[in-house]
Amino acid sequence: MDSHAPSPAAQPSIPNLIAQAWRLAAQAALPGLPWLALLALMGGFYKWALSTGTGGTMLTLAALTVLFLAGVQASLMIYRAMIPGAKGAFMALMHMNLAIYLAFFFISFFVFFFVGIFGVVMLQLSGLVDLAAEGADQQIPAALAGMMSTPYGWALSIVYATGLGGLAFLALRLLLTGAATVQTGHVMVFRTWRWTKGDVLRLGAASLVTHVLPFLVGYLLNLLIISAAGTGEVAQFATGVTGLALQAPFILAGHGLAVAALRAIGPAPEIA
């Protein structure tokens, strides 16, 4: 069965979810350390290949593939450290990740395509630039900046925020997919959709502390490192490594929230 009927007692508070997520993160930190280190190294390799162009497109794609595979393996080992008796294997988790990435790619494409078309319409209606005139492309950045303080800009901001909100909603509804895949050994994508029904606000609030905050801290710290390191080839590799290494708390706590939520609102393992 894929459905469940959670009782009120199975619904933990937001602080409880956050606390459980970070406890699980601490529990998985040591077992996951070698794989997070490998992931960071592959991140450095990918950034170096992408920024320098060494080896051309093929090397960049190879680096991206290795980075993806290292991420799947790191995720698998983290989940196994958090879930006793986990049945999931590498291939199942890889298939789940590919399905999620493809779903987000296509949905994001259509969302931002619509937002882009809407932005063009608002820019034309604002009268700040004639998009059909010669040299209009050079005036667009300044016109767009000026439009944002007008009702046309407000409308564009609302549409853009709605698109981002929809993607965030989708991510929260699918939060349990990785943990459920590793727990059951079966590829779980939209089969977990109904499990998170009614819990989006709870999960979203918890994710501010387990996802958003650690991600922003790691990102800002790496920006400081990038500004100090410069733009040389060694710096590109090093800041690619630090960029992912500083996201270790985000990765661990994100996995921790998924496992904590699965225990709270998912079905029993034997009926998942």
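Scroll up for the structure.
Model, not experiment: these values are computed from the prediction.

Cut-offs used in this document
Residues numbered from 1 in each chain as written. Predicted model: local features only at pLDDT ≥ 70, side-chain atom pairs only at ≥ 80, totals over all residues. Heavy atoms only, no water. Core = buried A, V, L, I, M, F, W, Y, C linked by side-chain atoms within 4.5 Å. Buried < 20%, exposed > 50% of the residue type's maximum accessible area, 1.4 Å probe, protein only. Helix = DSSP H or I, 4+ residues; strand = E, 2+ residues; numbered from the N terminus. Contact = heavy atoms within 4.5 Å. Expected span 1.5 Å × (residues − 1). Bend = angle between axes of the 7 residues up to and from the residue. Phe/Tyr/Trp six-rings, centres within 6.5 Å; stacked < 30°, edge-to-face > 60°. Lys NZ or Arg CZ within 6 Å of the ring centre and 35° of its normal.

(A) Fine view of the nonpolar core. With 49 residues, the main nonpolar core has Ile 78, Tyr 79, Met 82, Ala 179, Leu 203 and Val 259 as its most contacted residues. Listed by contribution, the elements that provide at least two residues to this core are α1 (14-52), α2 (56-82), α3 (90-126), α5 (151-173), α6 (177-184), α7 (200-229) and α9 (248-265). A total of 11 residues in this core trace back to one element, the largest contributor, which is α9. Sequence-distant contacts of Leu 203, that is, excluding residues within four places in its chain, are made with Leu 17, Leu 172, Leu 175, Thr 196, Leu 257, Ala 261 and Ile 265.

(B) Structural context of α7. Relative to the 44 Å expected for 30 residues at 1.5 Å per residue, α7 spans 40 Å between its end C-alpha atoms, a close match to the ideal helical length. Along its length, α7 reaches its greatest deviation from straightness, about 50°, at Ser 207. For α7, the set of buried residues is Val 200, Leu 203, Gly 204, Ala 206, Ser 207, Thr 210, His 211, Pro 214, Gly 218 and Asn 222. Where the residues of α7 are buried, they touch α1, α5, α8 (233-245) and α9.

(C) Spatial organisation of the packing of aromatic side chains. Tallying each qualifying case throughout the model produces 11 aromatic pairs. With centroids separated by 6.2 Å and ring planes inclined at 10°, the aromatic side chains of Phe 215 and Tyr 219 adopt a geometry described as stacked. Of this pair, Phe 215 and Tyr 219 are both found in helix α7, 4 residues apart, which corresponds to roughly one turn of the helix. Accessibility expressed as a relative area gives 43% for Tyr 219, which makes it partly exposed. Each member of the aromatic cluster is reached from another via a ring pair, and the members are Phe 109, Phe 110 and Phe 113. Here the basic side chain of Arg 173 rests over the ring of Trp 193, its NZ or CZ set 4.2 Å away from the ring centre.

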